[in-house]
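What follows is each chain in one-letter form.
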Amino acid sequence: MLEKTFEPGPIEARWYAHWERTGAFRPERPDAPPFTIVLPPPNVTGTLHIGHALNQTLQDILIRWKRMQGFDARWVVGTDHAGIATQMVVERTIAGQGLTREAMGREAFVATVWDWKAQSGGAITRQMRRLGTSCDWANERFTMDEAFSKAVTEVFVRLHAEGLLYRDKRLVNWDPKFRSAISDLEVENREVQGHFWHLRYPLADGSGHLVVATTRPETMLGDTAVAVHPEDARYRHLVGRMVAHPLTGRQIPVIADSWADPELGTGVVKITPAHDFNDWAVYERHREIGWINILNPDASLNDEVPAPYRGLDRFEARARVVADLEALGLLERVEDKLIQVPHGDRSGTVIEPYLTDQWYVDAARLAVEARNAVADGRTRFVPASWEKTYFNWLDGIQPWCISRQLWWGHRIPAWHAPDGRCFVARSAAEAQAMAGPDVPLRQDEDVLDTWFSSALWPFVTLGWPERTPDLARHYPGDVLVTAFDIIFFWVARMMMQGLHFTGEVPFRTVYCHGLVRDASGAKMSKSKGNAIDPLVLVDRFGADAVRFTLAALESQGRDVKLDEKRVEGYRNFATKLWNAVRFAQSQGIGAGAGAPPSPAHPVNRWILGEAAAMVAAVSGHLAAFRFDQAADALYHFAWSRLCDWYLELSKPLLASEGAEADETRATAAFVLDATLKALHPFMPFLSEELWHAQGPRATDLILAPWPAFAAPPSDAADEIGWLIDLISAIRSARTELSVPPAARLPLHAPAALEARLLAHLPALERLARVSAVRTDPATGGIAQIVVAGETYALPMGDVIDLAAERQRLLKAAEAAEREAAGLAGRLANPGFLERAKPEAVEKARADHAARAAEAQRLRAALARLG
């Protein structure tokens, strides 16, 4: 017998260890059709956050469902080496020991990172297990393991040989703290209080000046031009003239370019190609203006600037530049302004556009086939609206900077000779053979962008570049489940690399889920104090409740608004199922026989039909990636149909003994089994525990076949539906009229319904507190109810004070009507609608609807009393 109280913690630990120990996550099914999902590899430094919990819950639902359907279901798992994140963690660790990576040297530092990874790098995978993820742990991968690193080198060498990978000098996002290029994904724009400095640039001939506004006055030391719009009549006569730079003494030209907006500010813009992405684009249209890099890697000013500014930090230089311009009478005004400033998401440092030599992939060429593959349907996005986002990014794609100035990561397989030649090779020996035995070579100091190796994840994890059986069987993958915000950085790049190196798309479907927000819809952050730790929820409510909540809230195209009350509610749902199986145990209901029974009683025929409809609905919704609707179908069936109605309606049948009781036990056992099977992908721990509690089993639930059965044709649905409606109506009338719970009332009904009602008298007695069925007219104070067009009466005179009850209902109805009228007046007032916040208007509408419905209910109750 199950314990009286459901305690998820011990159950979860026991079953997860059992599943992993017995190989249940990857059973041997060589003849089964494959189904493959690749897990977006979390950072090896990471801890499980609520976004991970949503993403992994959805994947686990799909993989458990397909495993039960008999597929060779493989969930490829592993972690990402996370270059910057990991290096930062380890540098912080050694700083506590008084060390720096520079002092240690590259080899010793990298060895220290590997030691850290061995000791501390598995935290997130342990946390994933607590959530119930049924990954293929036996084949766990790491993006810097030996085989993966070999594949990364192979990709680099091949792309270079094909002219798709090259070295170039371009602007990058530069993090001065890490002294490295970073990706767009690692840049976050923060709104800060800044300034627009309006500066005067004197014309070289002394005939006047131009006014330019900038938020970064220190960069003017790298100006090579000022620009005006070619159609701006105010300045057309100045195009080609020279400006005397007020601080450097250089003369720079006035050029015509469409980047200058006549409607913005003065219509004149300074052009600093080496320190602004838009200005670099202007330079590419006007190569004659050249560029000047004024920054060192740490964002201090270099020797390209006048002596007074050399060596200053960029912000110190900003203050010096402004002060010097003011002293020269060239600072026209300063305007306070909120501005967007890019920061490194990990360093917190202001990011600089920085001109440097980096390695690039010709993404535009690779993007052609990646775009075609979605356009022609080889890969589809769900929801389909994300295809537009994907196309827009590919259509405007820029060269992809893949080098990083770090020590932790895949070191770039390129060797440089003293004469400037570069040899890209699979090994140092191969590079030496290419250069000649007497040429000294130095390996490139940079490492590859983490996203470069992550883009290879779907096929390298399966053995590429070798033609392994795993690759042949499990590539392409079936589904990628991912947040929409990495469509650019990861999904598109996997498409490009997968198609280029295998000739096939990496996955057939991309399911994009939303972000997890707090209950009010606000983005979660530690600084706001609204971040939710999923493991805290698991500790409080159990993993199954957390998983079911996330699935129930995952509606296509919308973000998830997570409220702890929902998690608590689904913990109560788990408890209800626990108690249902305890009841079954007490009634001698054990494990199902396997094949569906053929019951005679309408209640049993009805629940079979309801269960078949539930299973079909869950299957259909999962096939369409409607996780919320699948969860809702399960919840509605299990809570309402199974627990609230069937188990209650079955109690008189179970008490009867004989054939009727036997068929009810068989039906209940089968339906409980089907329910636990359908529930398993969502609530794996609870369902497995209850599955075995029912009796001896041939297999664990995780490997049991997915239910698929059709209930025999029957009119039981109409019959039991009518009975449920009748009981519900009687209960509502009793509640509305404050009938004491223990009071039993006769039910007066048309004579034609007597036999039908008597057939269900045990259920009516038990669930509606009906004392008898009568066909004579009811007298005195009665409550009338109407079900399926037939009128029934409940005599009330002996159990309530009719006059007092009428007075109570009338008073309550009139109060509700007054409140509804007041709210309606407020909603009709234009002033309220204009001044009130949207949430206040929405609340007023909801309150009005609730009070109007309450008034209607109370009037109906009055009408019942006559």
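Everything below is about the structure shown above.
Calculation criteria
Residues numbered from 1 in each chain as written. Predicted model: local features only at pLDDT ≥ 70, side-chain atom pairs only at ≥ 80, totals over all residues. Heavy atoms only, no water. Helix = DSSP H or I, 4+ residues; strand = E, 2+ residues; numbered from the N terminus. Buried < 20%, exposed > 50% of the residue type's maximum accessible area, 1.4 Å probe, protein only. Contact = heavy atoms within 4.5 Å. Lys, Arg positive; Asp, Glu negative; His and termini not counted. Charge placed at Lys NZ, Arg CZ, Asp CG, Glu CD. Core = buried A, V, L, I, M, F, W, Y, C linked by side-chain atoms within 4.5 Å. Pairing = 2+ DSSP bridges. Polar contact = N/O pair within 3.5 Å; in protein donor to acceptor, adjacent residues only side chain to side chain. Axes fitted to C-alpha atoms, helices over the stretch in contact; angles between N-to-C directions. Expected span 1.5 Å × (residues − 1).

S.K.: Give me the overall build of the protein chain: which residues, what numbers.
M.R.: Counting its secondary structure elements, the protein chain contains 29 helices and 29 strands. Overall size of the protein chain, expressed as C-alpha extent along the three principal axes, is 115 × 70 × 55 Å. Within the protein chain, buried positions represent 53% of all 866 residues. Here the analysis covers contacts within the protein chain between residues at least 6 apart in sequence; of these, 77% occur between residues at least 24 apart. One finds the centroid of the 95 positive side-chain charges in the protein chain at a distance of 3 Å from the centroid of its 109 negative side-chain charges.

S.K.: Please provide a residue-by-residue account of the nonpolar core, values included.
M.R.: Among the nonpolar cores identified, the biggest contains 145 residues, and F682, L726, L757 and Y792 are the most heavily contacted of them. Per element, the largest residue contribution to this core is 15 residues, and it comes from helix α21 (residues 627-655). When near neighbours in sequence (up to four residues on either side) are disregarded, L726 contacts L747, L757, L764, I785, V787 and Y792. Within the second largest apolar cluster, 58 residues are counted, among which are A363, A370, I486 and V510.

S.K.: Account for the pairing of strand β1 (residues 34-38), with residues named and values stated.
M.R.: Of all five residues in β1, four are buried, a share of seventy percent or more. In the sheet, β1 pairs with strand β2 (residues 72-76) via five bridges, with the strands oriented parallel. Across the sheet, the residue bridging to T36 is R74, located in β2.

S.K.: Run through the pairing of strand β9 (residues 225-228), naming residues and quoting values.
M.R.: Of the two faces of β9, the one holding A225 and A227 and the one holding V226 and V228 are both buried throughout. Sheet topology note: the β9/strand β11 (residues 251-256) ladder contains three bridges and is parallel. Bridge pairing links A227 to I255 in β11.

S.K.: An account of the side chain of H81 is needed here, citing residue identities and associated values.
M.R.: By the secondary structure assignment, H81 is in the loop between β3 (78-79) and α3 (83-95). Under the relative-accessibility criterion, H81 is labelled buried at 0%. At 2.7 Å, the side chain of H81 and the side chain of T143 are in polar contact. Not counting the four nearest positions on each side in its chain, H81 is found in contact with V44, T86, F142, T143, M144, W408, G409, H410, T450 and S453.

S.K.: I'd love a proper account of the sheet that holds strand β7 (residues 187-202), names of residues and values included.
M.R.: Neighbouring strands of a sheet are bound in pairs by backbone hydrogen bonds; such pairs are parallel or else antiparallel. With respect to topology, three strands assemble into an open sheet ordered β8-β7-β13, the strand pairing being antiparallel. Where the open sheet ends on each side, the last strands, each with one partner, are β8 (209-214) and β13 (331-344). Going across the sheet, the axis of each strand differs from the next one's by a mean of 20°, ignoring polarity. In this structure, β7 lies alongside β13, joined through 13 bridges in antiparallel fashion. Paired with W197 across the two strands is V334, which belongs to β13.

S.K.: Which residues make up helix α29 (residues 838-865), and what values do they have?
M.R.: Taking 1.5 Å per residue as the helical rise, α29 with its 28 residues ought to reach 40 Å, and the 41 Å between its terminal C-alpha atoms agrees with that figure. When we look at burial in α29, the residues that qualify are V841, A844, A855, L858, A861, L862 and L865. The inward-facing, buried residues of α29 contact α24 (716-736), β28 (782-787), α27 (802-827) and α28 (830-835).

S.K.: An account of unusual backbone geometry is requested, with residue identities and associated values reported.
M.R.: Here W464 and P465 are connected by a cis peptide whose omega angle stands at 15°. Looking along the chain, the bond that leaves Y475 and enters P476 is cis, with omega of 0°. Mapped onto the secondary structure, P476 falls in the loop between α15 (469-474) and β22 (477-483). Of note in the backbone geometry, S738 takes a positive phi value of approximately 60° without being a glycine. Within the secondary structure, S738 is located in the loop between α24 and β26 (745-748). With a phi close to 55°, R769 is a non-glycine residue in the positive phi region. Relative to the helices and strands, R769 is located in the loop between α26 (761-768) and β27 (770-774). Using a relative accessible area of 27% as the deciding quantity, one classes R769 as partly exposed.

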